[in-house]
Amino acid sequence: MTLSGAPARCRASSAFGWNPDRIALALVAVGAIAVAGGGFVSLAPNRLVSGRPVALWAAAGIPATAALALIGLALAGIAATPPRRMRHYAVAALAALLLIAVLLAAGTAARDLAAGAPPLARVSLGAGFWIAAAAAALAVLDGLQRADAGNFVRFLVGAAIAAAIAAMAAGGWFDALSLAREYASHRAVFGTALTRHVALVAGSVLPAILIGVPLGILACRRKRAEGAIFAVLNLLQTIPSIALFGLLIVPLSALAVAAPALARLGVGGIGAAPAVIALILYALLPVARNTAAGLSGIEPTIVDAARGMGMTERQIFWRVEVPLALPVLVAGLRIVTVQTIGLAVVAALIGAGGLGDFVFGGLGQDATDLVLLGALPTILLALVADFLLKAAAAALRR
Amino acid sequence: MPRPLRLAASPLWWTAVLFVALLLAMPHTGALFHAAFPAAKPPVYARASFVELFLSQAGIVATASATASALGIAVAVFVTRPAGRDFRAIADALATIGQTFPPAAVLALAVPALGFGPRPTVVALFLYGLLPIVENAIAGLETVPGAVREAAAGMGMTGWQVLARVELPLAAPVILAGIRVSVTIGIGTATIGSTVGALTLGTPIFDGLAGNKVPLVLQGAILVALFAIVTDMAFARLERRLRPPGAAR
């Protein structure tokens, strides 16, 4: 979740000496236009029908709208002051406040609308909400980036926002929203699906490391094997996920018929077995490629020095090469984990379970909020894995 | 090597021939699939021709990728100019964060906004395809050494000329690598798009999965895998062509 590139604060001021935070201003404008355009939430007669858009002021009332507008104006005001590190932190803090206020307003809007509607009616989050929330989140991120905040500060800010949202959710603030009602009616299976999803990812990434790392070492040591290994892995990565799942059905169901013992263990053409095998195959390329890249990026003089110190080949490998190649490997692990979290959604189509069950179940029933119940946790999982593994790679590089 | 021989020796050529041959021959393989899977009826997908499915999927991917390439390169050019410098970090961040979103989730979320049919697939492919293109185009444009740009400007080139004749050609291989990633993901996501009403080679796969008809799954899976592989190989060849002679890989 880090913003890369040269920090904008290194730039010289513009010709007029006025150097506002143009991104924060642009984001405030985008959010304001999205909210003013109406459609902050939508009201539908039941969960399967698409609703009609309702504007923020019509749903949550004038005071909530005015409060949001005030925070937005304050953010714009701070963004227009001269660029200092404190300004960047203030932008991030106000944007975080705005994000929480947008969420509060959504909860209020849902509660007020639902109170005056029949029990089957559903209040869903509209485009105006999503754009305003995304703009506020991006402003937080950009403020932190400009302030050159470290991973720890970023983690604290993220955790504080997450804690605020969790507290609102636990306090029942969002209970009137259709998303929360979908969660309430799927509460029993949600935990299972989430655990299953994480299990699919872990059960694919760990074997992929066990197979991919030796493959990467082999590719680095034997240049003749390198071409063949990467040609095959690259080919596998190119095949669309659902096609690979489909291609595995025949051999695996044949195997289950030939070896009933395996079938009793759950091996078959449909279910977790083809999903995990396909996810492992997809994960091999990034693992092997980054292992090889990490190893071949080591200066030969360092290995020579270790040899000169009297280290054996085994010692050189474990004490010199592995520690030096580790950051690159962890960077590959980040790619693999994020990719596998996403691909595991598709695995639901062949009966492997996981959060994809909600996504495709929701698509089948045309219930948008059920789709969200699957998609949002998947995105969150991917973002958290991305942040943690990025931080781990950065810590190892030091 | 003379040209015909060189063609015959190229894996791209014979993979493409195999793909087209299978695309045309698949409707006539009923006896084969019937022998292997006697229970399945019909043994071959018959609701639409495979050529029709392929053309529909290729059209969806091409529309989305062409639009994403045009807009993605434009965004990258804007944020690497002095006027757009401020937006460079946020564009890069959006591209990186966006790519952690699962493509299947992006597709599913496009449906409520656009309804069933090919439209949500085109839009999801376009949005998701933008990200690797923006990321790579920014990276590609920034690898052009400042000295090269200054030399071009010193020769009297205008800003646009430097961009069109120096920066974009030098960045082309990296930009193309981004388009390649975008198209590969696009083909895969378009295949899933048949669950939301797009007509693609994934349609027989899902019909087969829903009705427990393995031959249909196989027919769709083999063709879509070959489609993706041929496309990727074609991009690999184009990338080799664009790399300036003598440049290191």
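By convention here, each chain's residues receive numbers from 1 onward along its written sequence. A letter from A marks each chain and a number from 1 marks each ligand, given out in the order of writing. The predicted nature of this model means local features are confined to residues of pLDDT at least 70 and side-chain atom pairs, given and counted, to a pLDDT of 80 or more, with totals for whole chains, interfaces and linings taken over all residues. Water and hydrogen atoms play no part in the side-chain values, which are based on all heavy atoms of the structure.

This part is about the packing of helix 8 (residues 146-154) of chain B against helix 9 (residues 159-192) of chain B. Residue and element names in this part refer to chain B. Running from N to C, helix 8 and helix 9 cross one another at 155°; their axes reach a closest spacing of 10 Å. As summarised for this structure, helix 8 and helix 9 are arranged roughly antiparallel, according to the angle between their axes. Relative to helix 9, helix 8 is oriented so that their crossing is right-handed. Residues Val148, Arg149, Ala152 and Ala153 of helix 8 form the contact with helix 9, whose own contacting residues are Val162, Val166, Glu167 and Leu170. Looking at the contact of helix 8 with helix 9, its residues break down into six nonpolar, no polar and two charged. Between the N-to-C directions of two axes lies an angle of 0 to 180 degrees, each axis being a line fitted to C-alpha atoms and, for a helix, fitted only over the stretch in contact. Helix numbers and strand numbers start at the N terminus; a helix is a DSSP run of H or I with at least 4 residues, a strand a run of E with at least 2. Under this scheme an angle from 65 to 115 degrees is roughly perpendicular, one under 35 degrees roughly parallel, and one over 145 degrees roughly antiparallel; angles in between are oblique. Each crossing gets its handedness from the near helix: less than a right angle anticlockwise from the far helix is left-handed, clockwise is right-handed. Should any heavy atoms of two residues lie within 4.5 Å, those residues are counted as being in contact. The classification used treats Ala, Val, Leu, Ile, Met, Phe, Trp, Tyr, Cys and Pro as nonpolar, Asp, Glu, Lys and Arg as charged, and all other residues, Gly among them, as polar.

Residue and element names in this part refer to chain A. One can find Ala344 in helix 14 (residues 313-347). On a C-alpha basis, the gap between Ala344 and Gly227 in space is 29 Å, while along the polypeptide they are 117 residues apart. Those residues in contact with Ala344 that lie beyond four places of it in its chain are His197, Leu200, Val201, Leu279 and Gly353.

This next bit is on the interface of chain B and chain A. Counting residues at the interface gives 45 residues for chain B, matched by 45 residues for chain A. Note on terms: buried area is the combined drop in 1.4 Å-probe accessible area of two parts once they are placed together, counting the loss on both. Carbon and sulfur atoms make up 80% of the surface buried where chain B meets chain A, a total of about 3,700 Å² over both sides. Of all residues in chain B, Asp86(B), Ile90(B) and Thr100(B) give up the largest surface area on contact with chain A, accounting jointly for 17% of the area buried on that side. We define a salt bridge as a side-chain nitrogen of Lys or Arg found within 4 Å of a carboxyl oxygen belonging to Asp or Glu. Applying the counting rule to chain B against chain A returns one salt bridge. A salt bridge links Arg22(A) to Asp86(B); the shortest N-O distance between them is 3.0 Å. Pairing of N or O atoms within 3.5 Å defines a polar contact, subject to two protein rules: one partner must be a possible hydrogen donor and the other a possible acceptor, and residues neighboring in sequence count only if both atoms are side-chain atoms. Applying the counting rule to chain B against chain A returns two residue pairs in polar contact (both at pLDDT 80 or more). Contributions of two or more residues to the side of chain B that touches chain A are made by helix 5 (88-100), helix 6 (103-114), helix 9, helix 10 (202-211) and helix 11 (214-242) of chain B.

Any two side chains of opposite charge can pair, so long as their charged atoms come close to each other. All names here are of chain B. A full pass over the atoms with the stated rule returns 19 salt bridges over all chains. Ionic pairing is found between Glu142 and Arg85, a salt bridge with its closest N-O pair at 3.6 Å. With Glu142 in helix 7 (residues 118-142) and Arg85 in the loop between helix 4 (50-79) and helix 5, this residue pair connects regions lying 57 residues apart in the sequence. Relative accessible area serves as the criterion here: at 34%, Glu142 is assigned to the partly exposed category. A salt bridge links Asp92 to Arg88; the nearest nitrogen and oxygen atoms lie 3.8 Å apart. Each residue is placed in one exposure class: buried if its accessible area under a 1.4 Å probe, protein chains only, is under 20% of its type's maximum, exposed if it is over 50%, and partly exposed if it falls in between.

Turning to the packing of aromatic side chains, a few remarks are in order. Two rings from Phe, Tyr or Trp (for Trp, the six-membered ring) form a pair when their centres are within 6.5 Å of each other. A pair whose planes differ by under 30 degrees is stacked, one over 60 is edge-to-face, and the rest are tilted. If you walk through the whole model with that rule in mind, you get eleven aromatic pairs over all chains. With a centroid separation of 5.1 Å and an interplanar angle of 70°, the aromatic rings of Phe129(A) and Trp130(A) are classed as edge-to-face. Residue classification places Trp130(A) among the partly exposed positions, given a relative accessible area of 32%. Aromatic side chains Phe19(B) and Phe227(B) sit 6.0 Å apart centroid to centroid with 10° between the ring planes, which places their arrangement in the stacked category. Note that Phe19(B) is positioned in helix 2 (residues 11-25) and Phe227(B) in helix 11, a separation of 208 residues in sequence. Phe227(B) shares its class with Phe19(B); the two are buried. The rings of Phe40(A), Phe129(A) and Trp130(A) are connected pair by pair, giving a single aromatic cluster.

What follows deals with the pairing of strand 1 (residues 41-44) of chain A. Residue and element names in this part refer to chain A. Side-chain alternation along strand 1 places Val41 and Leu43 on one buried face and Ser42 and Ala44 on a second face that is also buried. Strands pair, by our definition, only if DSSP identifies at least two bridges between them. In this sheet, strand 2 (residues 52-54) lies alongside strand 1 in antiparallel orientation, the contact comprising three bridges. Its bridge partner being in strand 2, Val41 is matched across the sheet by Val54. Bridge count between strand 1 and strand 3 (residues 122-125): four bridges; the pairing is antiparallel.

This paragraph deals with the domain arrangement of chain A. Residue and element names in this part refer to chain A. An automatic or database domain assignment is the source of the domain bounds shown. Here chain A is partitioned into domain 1 (8-178) and domain 2 (187-397). Each of domain 1 and domain 2 has a C-alpha centre, and these two points are 35 Å apart. Of the residues lining the interface, eight residues belong to domain 1; the matching set on domain 2 comes to ten residues. Roughly 690 Å² of surface becomes buried between domain 1 and domain 2 when both sides are summed, with 58% attributable to carbon and sulfur atoms. When residues of domain 1 are sorted by the area they lose upon contact with domain 2, Arg47, Leu48 and Asn151 head the list and together hold 55% of the total. Linking domain 1 to domain 2 there are zero salt bridges. Our enumeration of links across domain 1 and domain 2 arrives at two residue pairs in polar contact (both at pLDDT 80 or more). Grouping the amino acids of the side of domain 1 that touches domain 2 by side-chain chemistry returns three nonpolar, three polar and two charged.

We now examine the confidence of the model for chain B. Every residue is assigned a pLDDT by the predictor, reflecting its confidence on a scale from 0 to 100. Summarising the model, chain B shows a mean pLDDT of 87, and 94% of its residues fall at 70 or more. Of all secondary-structure elements in chain B, the lowest mean pLDDT belongs to helix 1 (residues 3-9) of chain B, at 66, while helix 4 of chain B reaches the highest, 94.

Grouped together as the largest cluster of nonpolar side chains are 126 residues, with contacts concentrated most on Phe245(A), Phe360(A), Phe19(B), Phe50(B), Leu201(B) and Leu209(B). Membership of the second largest hydrophobic core comes to 56 residues, among which are Ala59(A), Val91(A), Leu94(A) and Ala101(A). Here the nonpolar core consists of buried residues drawn from Ala, Val, Leu, Ile, Met, Phe, Trp, Tyr and Cys, with membership extended through side-chain atoms lying within 4.5 Å.

Before going further, it helps to examine unusual backbone geometry. Even without being a glycine, Asp148(A) presents a positive backbone phi close to 60°. One can find Asp148(A) in the loop between helix 5 (127-146) and helix 6 (151-170).

For the rest of this paragraph, the subject is the sheet that holds strand 1 of chain A. Residues and elements named next belong to chain A. Taken in spatial order, the three strands of this open sheet run 2-1-3, and their pairing is antiparallel. Edge positions in the open sheet fall to strand 2 and strand 3, since each of these has one partner strand only. With direction set aside, neighbouring strand axes in the sheet form an average angle of 35°.

Next up on the list: empty space enclosed by the protein. Over the atoms a probe the size of a water molecule is rolled, and this reveals where empty space is left. Only protein atoms enter the 1 Å grid, on which a cavity is a set of points fitting a 1.4 Å probe that cannot get out and a pocket is an open set with protein on both sides within 12 Å along at least 5 of 7 lines, lining residues being those with an atom within 4 Å of a point. Grid points are joined across faces, edges and corners, and a volume is the space filled by probe spheres set on the points. Counted by the stated rule, this structure contains two cavities of 30 Å³ or more. Space inside the largest cavity adds up to approximately 70 Å³. Among the secondary structure elements, those contributing two or more residues to the lining of the largest cavity are helix 6, helix 7 and helix 9 of chain B. A class-by-class count of the residues in the lining of the largest cavity yields seven nonpolar, four polar and no charged. As a volume, the second largest cavity reaches approximately 50 Å³. Around the second largest cavity, the lining residues are Gly362(A), Leu363(A), Asp366(A), Ala367(A), Thr368(A), Val371(A), Ala108(B), Val111(B), Pro112(B) and Phe116(B). Elements supplying a minimum of two residues to the lining of the second largest cavity: helix 15 (356-365) and helix 16 (368-397) of chain A together with helix 6 of chain B. Considering every element that reaches the lining of the second largest cavity, the biggest residue donor is helix 6 of chain B, with three residues. Classifying every residue of the lining of the second largest cavity gives seven nonpolar, two polar and one charged.

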